[in-house]
Amino acid sequence: MKRSTLVNWLLVLAVVALAAIPVLFVQGEFGGADGVAQEAITESHPDYRPWFTAIYEPPSEEIASGLFALQAAIGAGVLGYYFGVARTKRRLGRGTTVQPPEDTA
């Protein structure tokens, strides 16, 4: 097994572990940090009033979750594109030719 293949599998395993460990071992409801911060502020300063409101308030939690997932997907696409360009530049800088993957079918 090549070293890069081993590294890729270890990275996949790490991502799966990072996603699974909180789900398996954290009991209770997964709430956002906004709610916790709002509770802490109202406890310490009961007369506090927010000085701005949200530009867009989604009508349901499902839509808010979908918009958050869309934002994460766009960010992942931008990062993936950047790393792909950086890897190609590094390979071309070394004088190595970039070859497309072979079809196994």
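In what follows, the structure referred to is the one given above.
Residues numbered from 1 in each chain as written. Predicted model: local features only at pLDDT ≥ 70, side-chain atom pairs only at ≥ 80, totals over all residues. Heavy atoms only, no water.

A. View of the overall build of the chain. Looking only at helices and strands, the chain features three helices and zero strands. Along the chain, helices and strands appear, N-terminal first, in the series α-α-α. Radius of gyration (C-alpha) of the chain: 22 Å, far over the 13 Å computed for a compact globule of 105 residues. The dimensions of the chain, computed from C-alpha atoms along their principal axes, are 65 × 35 × 30 Å. Counting all 105 residues of the chain, 0% fall into the buried class. When the accessible area of the chain is evaluated, it comes to approximately 10,300 Å², of which 65% is carbon and sulfur surface. (Helix = DSSP H or I, 4+ residues; strand = E, 2+ residues; numbered from the N terminus. Rg over C-alpha atoms; globule rule 2.2 N^0.38 Å. Buried < 20%, exposed > 50% of the residue type's maximum accessible area, 1.4 Å probe, protein only. Areas by Shrake-Rupley, 256 points an atom, 1.4 Å probe, with all protein chains shown as cover.)

B. Region of the structure containing the packing of aromatic side chains. Summed over the entire model, instances satisfying the criterion amount to two aromatic pairs. Ring centres 4.9 Å apart and planes at 70° place the aromatic pair tryptophan 51 and phenylalanine 52 in the edge-to-face group. For the residue pair tryptophan 51 and phenylalanine 52, the accessibility class agrees, reading exposed in each case. (Phe/Tyr/Trp six-rings, centres within 6.5 Å; stacked < 30°, edge-to-face > 60°.)

C. Focus on a nonpolar patch on the surface. On the surface, a nonpolar cluster with roughly 800 Å² of combined accessible area is contributed by Met1, Leu6, Trp9, Leu10, Val12, Leu13 and Val16. Tracing the backbone through its elements, the reader meets leucine 10 in helix α1 (residues 3-25). Look at leucine 10 and you get partly exposed, because its relative accessible area is 48%. (Patch = residues over 30% accessible without salt bridge, like charges linked within 9 Å, V, L, I, M, F, W, Y side chains within 5 Å. Salt bridge = Lys/Arg side-chain N within 4 Å of Asp/Glu carboxyl O.)

D. The environment of lysine 2, seen in detail. Tracing the backbone through its elements, the reader meets lysine 2 in the segment before α1. A relative accessible area of 61% means that lysine 2 is categorised as exposed. Sequence separation of lysine 2 and phenylalanine 83 is 81 residues, and the distance between their C-alpha atoms is 21 Å.

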